[in-house]
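For reference, the chains in residue letters:
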Amino acid sequence: MTDPVHRTDVAVVGAGVVGTAVFHELASRGARVTLVERDRAGLGTTAWSGAIVRCHHDDPVLSDRAAAGWRYFRDFAEHTGEPAAFHTSGFLYLPAPDRAAGARAEVARLGAQLPVTWLEAEEVTKHFGHLLAGPAGRGAVWEPESGWLDPAEVTHGFLRAGRRRGGTVLEGVAVHSLMRAGDGRITGVRTSAGAIRADRVVLATGAATAHLLTSWGLAHDLWAQAVQVELFQPEVPVSGQPAYTDDEFDINGRPDPDSGGVYVGHPTYHRLPSPPGREQMDAAQSRLAAAAGARRWAWLPGSRHLGGLRAAECWAPGGRTRVTAHPDAPALLLATGFNGGGFKMAPWAAAEIARLAGLA
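Residues numbered from 1 in each chain as written. Predicted model: local features only at pLDDT ≥ 70, side-chain atom pairs only at ≥ 80, totals over all residues. Heavy atoms only, no water.

1. Let's talk about the domain arrangement of the chain
In many analyses, interface size is given as the accessible surface area lost on bringing the parts together. Looking at the assigned domains, one finds that the chain contains domain 1 (1-87 + 147-220 + 319-359), domain 2 (91-144) and domain 3 (223-315). The interface of domain 2 with domain 3 comprises 16 residues on the first partner and 17 residues on the second. Between domain 2 and domain 3 the total buried area reaches about 1300 Å² when both faces are included, carbon and sulfur atoms providing 60% of it. Where domain 2 packs against domain 3, one counts one salt bridge. The shortest N-O distance in the salt bridge between Arg99 and Asp247 comes to 3.2 Å. Here the element with the most residues in the side of domain 2 that touches domain 3 is strand 4 (residues 91-94); it accounts for four residues. Its residues placed into classes, the side of domain 2 that touches domain 3 shows 14 nonpolar, one polar and one charged. (Domains from an automatic or database assignment. Contact = heavy atoms within 4.5 Å. Buried area = accessible area lost by both parts, 1.4 Å probe. Salt bridge = Lys/Arg side-chain N within 4 Å of Asp/Glu carboxyl O. Helix = DSSP H or I, 4+ residues; strand = E, 2+ residues; numbered from the N terminus. Nonpolar A, V, L, I, M, F, W, Y, C, P; charged D, E, K, R; others polar.)

Here it is in structure tokens:
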């Protein structure tokens, strides 16, 4: 491209699952939309995602956003015309003891409209006792129709569907800076392939977002943080392993049918330099995850460690994400700050960006 050559209504920067969901949603609503990705679609943090889709959260706002994603992903082909298998493993949430009462209350709200139920401790033991290393605490949230998808399948499904709707995709193109009019208003982005003029710019750049905003002189409260998960193959195959989040022992994961293993993630609490580089597995973190996981899962001691995945993700305080217009630059829309849980929120984020862009 010469400078400038491209004109669009919305330029979406970043082609992970959130960026491609936004791209498809905007194109479906009739916008001229251009998706810009510095590498290839889905090769960033999305490539390492567990892609778990579930509904329950302690925060009702997040529950409702996740439920929107659950409904969407259950009917992905209907929304996009693209195939993406939903693997119904079920999802089990084991709250810390001081959060059990709140979890029960949220189940009572969600259960009126969604397949979300509360299991008393004896029911947890009845259904999952063959997996557990000890008592089931004060009960658990059970979502029998939740599960996970293949993140690459979903991301490329969004990409193909958005293209069919008339969207433009530019891969291997890095965004360098914002374009501004004389009054400071954002008018597009400058890239390694030239200028893209746009009425609005959407940043769906994951862990790179904090660095970009800082380099452009825009205030923010975001940071990049490391996420690491381990893959363990039980010595004896286990049946009925659900996807899970365990707030008592601070672990989360899902089964991996391809290997016969189970992913176990444990928070790193490790903020990364800006911009974050390619993350390497941390052996000490692997040991922490194994120890935490063994407190919950009886099959983990003696399991074979098959390696793991480590990536950077964008974090935001408060846990409610940053899907909003930047307060100092209204034409710049943020779709980031998911604290490691962006996959299930992608459909909600895409609809919210469409609303912010005046396309609701």
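2. Here we look at the pattern of salt bridges
In this structure the tally under the stated criterion is 19 salt bridges. Of the charged contacts, one joins Glu25 and Arg29 as a salt bridge, the two residues approaching to 2.7 Å between their closest N and O atoms. A salt bridge links Glu248 to Arg296; the shortest N-O distance between them is 2.9 Å. Of this pair, Glu248 sits in the loop between strand 13 (243-246) and strand 14 (251-253) while Arg296 sits in helix 8 (residues 283-296), and the two are 48 residues apart along the sequence.

3. Comments concerning helix 4 (residues 100-110)
Along an α-helix, a turn takes 3.6 residues, which lines up residues three or four apart on a common side. The complete set of buried residues in helix 4 reads Ala100, Ala103, Glu106, Val107 and Leu110. Projected onto a plane normal to the axis of helix 4, the buried residues spread over an arc of 120 degrees and lie on a single side. Those residues of helix 4 that are exposed and angled more than 90 degrees off the buried face are Ala101 and Ala108. Summarising the contacts, the buried residues of helix 4 are in contact with helix 2 (60-74), strand 4, strand 5 (117-119) and strand 6 (140-143). (Buried < 20%, exposed > 50% of the residue type's maximum accessible area, 1.4 Å probe, protein only. Arc of directions from axis to C-beta.)

4. Considering the environment of Val264
Looking at the secondary structure, you find Val264 in strand 16 (residues 261-265). According to the relative accessible area criterion, Val264 is buried, its value standing at 0%. The spacing of Val264 and Asp59 is 205 residues in sequence and 23 Å in space, taken between C-alpha atoms. If near-sequence neighbours (up to four positions away) are discounted, Val264 is found in contact with Val229, Glu230, Phe232, Tyr244, Ile251, Asn252, Ala289, Gly293, Trp299 and Leu300.

5. As for the side chain of Glu279
Note that Glu279 resides in the loop between strand 16 and helix 8. The exposure class of Glu279 is buried, given its relative accessible area of 18%. At a separation of 2.8 Å, a polar atom in the side chain of Glu279 contacts the side chain of Arg310. Leave out the neighbours within four places in its chain, and Glu279 touches Ala226, Leu272, Arg310, Ala311 and Ala312. (Polar contact = N/O pair within 3.5 Å; in protein donor to acceptor, adjacent residues only side chain to side chain.)

6. Concerning the nonpolar core
In summary, soluble globular proteins display a tendency toward joint burial of nonpolar side chains. Grouped together as the largest cluster of nonpolar side chains are 58 residues, with contacts concentrated most on Val18, Leu26, Phe73 and Val154. Inspection of this core shows a minimum of three residues originating in each of domain 1 (1-87 + 147-220 + 319-359) and domain 2 (91-144). In this structure, Val18 is in contact with Ala204, Ala335, Phe338, Gly342, Ala346 and Ala349, ignoring residues within four places of it in sequence. Membership of the second largest hydrophobic core comes to 25 residues, among which are Ala11, Leu170, Val173 and Leu213. (Core = buried A, V, L, I, M, F, W, Y, C linked by side-chain atoms within 4.5 Å.)

7. Regarding the packing of helix 2 against helix 9 (residues 342-356)
Helix 9 packs onto helix 2 with a crossing angle of 85 degrees between their chain directions and a minimal axis gap of 7 Å. Taken as axis vectors, helix 2 and helix 9 run roughly perpendicular relative to one another. Along the contact surface, helix 2 presents Leu62, Arg65, Ala66, Ala68, Gly69, Tyr72 and Phe73, while helix 9 presents Phe343, Lys344, Met345, Pro347 and Trp348. Split into classes, the residues belonging to the contact of helix 2 with helix 9 amount to nine nonpolar, one polar and two charged. (Axes fitted to C-alpha atoms, helices over the stretch in contact; angles between N-to-C directions. Parallel < 35°, antiparallel > 145°, perpendicular 65-115°, else oblique.)

8. Topic: the environment of Ala224
Assignment of secondary structure puts Ala224 in strand 12 (residues 223-233). Ala224 gets classed as buried once you look at its relative accessible area, which sits at 6%. For the pair Ala224 and Pro275, spaced 51 residues apart in sequence, the C-alpha separation works out to 8.2 Å. Leaving out residues up to four positions away in the same chain, Ala224 has contacts with Ala207, His270, Arg271, Leu272, Pro276 and Glu313.

9. Remarks on the layout of surface pockets
Estimated volume of the second largest pocket: approximately 170 Å³. Forming the walls of the second largest pocket are 15 residues, and the residues nearest its centre are Ser49, Trp148, Asp150, Pro151 and Arg254. Here the lining of the second largest pocket is composed, by residue class, of eight nonpolar, three polar and four charged. No fewer than three residues from each of domain 1 (1-87 + 147-220 + 319-359) and domain 3 (223-315) sit in the lining of the second largest pocket. (1 Å grid on protein atoms, 1.4 Å probe; cavity = no way out; pocket = protein on both sides within 12 Å on 5 of 7 lines; lining within 4 Å. Points joined across faces, edges and corners; volume = space filled by probe spheres on them.)

10. Considerations on the packing of aromatic side chains
All chains considered together, the criterion is met by nine aromatic pairs. Ring plane angle 80 degrees and centroid distance 6.1 Å describe the contact between Tyr72 and Phe73, whose orientation is recorded as edge-to-face. Measuring from ring centre to ring centre gives 5.0 Å for Phe76 and Phe158, while their planes differ by 75 degrees; the resulting arrangement is edge-to-face. Of this pair, Phe76 sits in helix 3 (residues 76-80) while Phe158 sits in helix 6 (residues 151-164), and the two are 82 residues apart along the sequence. Taken together, the ring pairs connect Tyr72, Phe73, Phe76, Phe158 and Phe343 into an aromatic cluster. Above the face of the Trp148 ring, Arg254 is positioned so that its terminal group lies 3.8 Å from the ring centre. (Phe/Tyr/Trp six-rings, centres within 6.5 Å; stacked < 30°, edge-to-face > 60°. Lys NZ or Arg CZ within 6 Å of the ring centre and 35° of its normal.)

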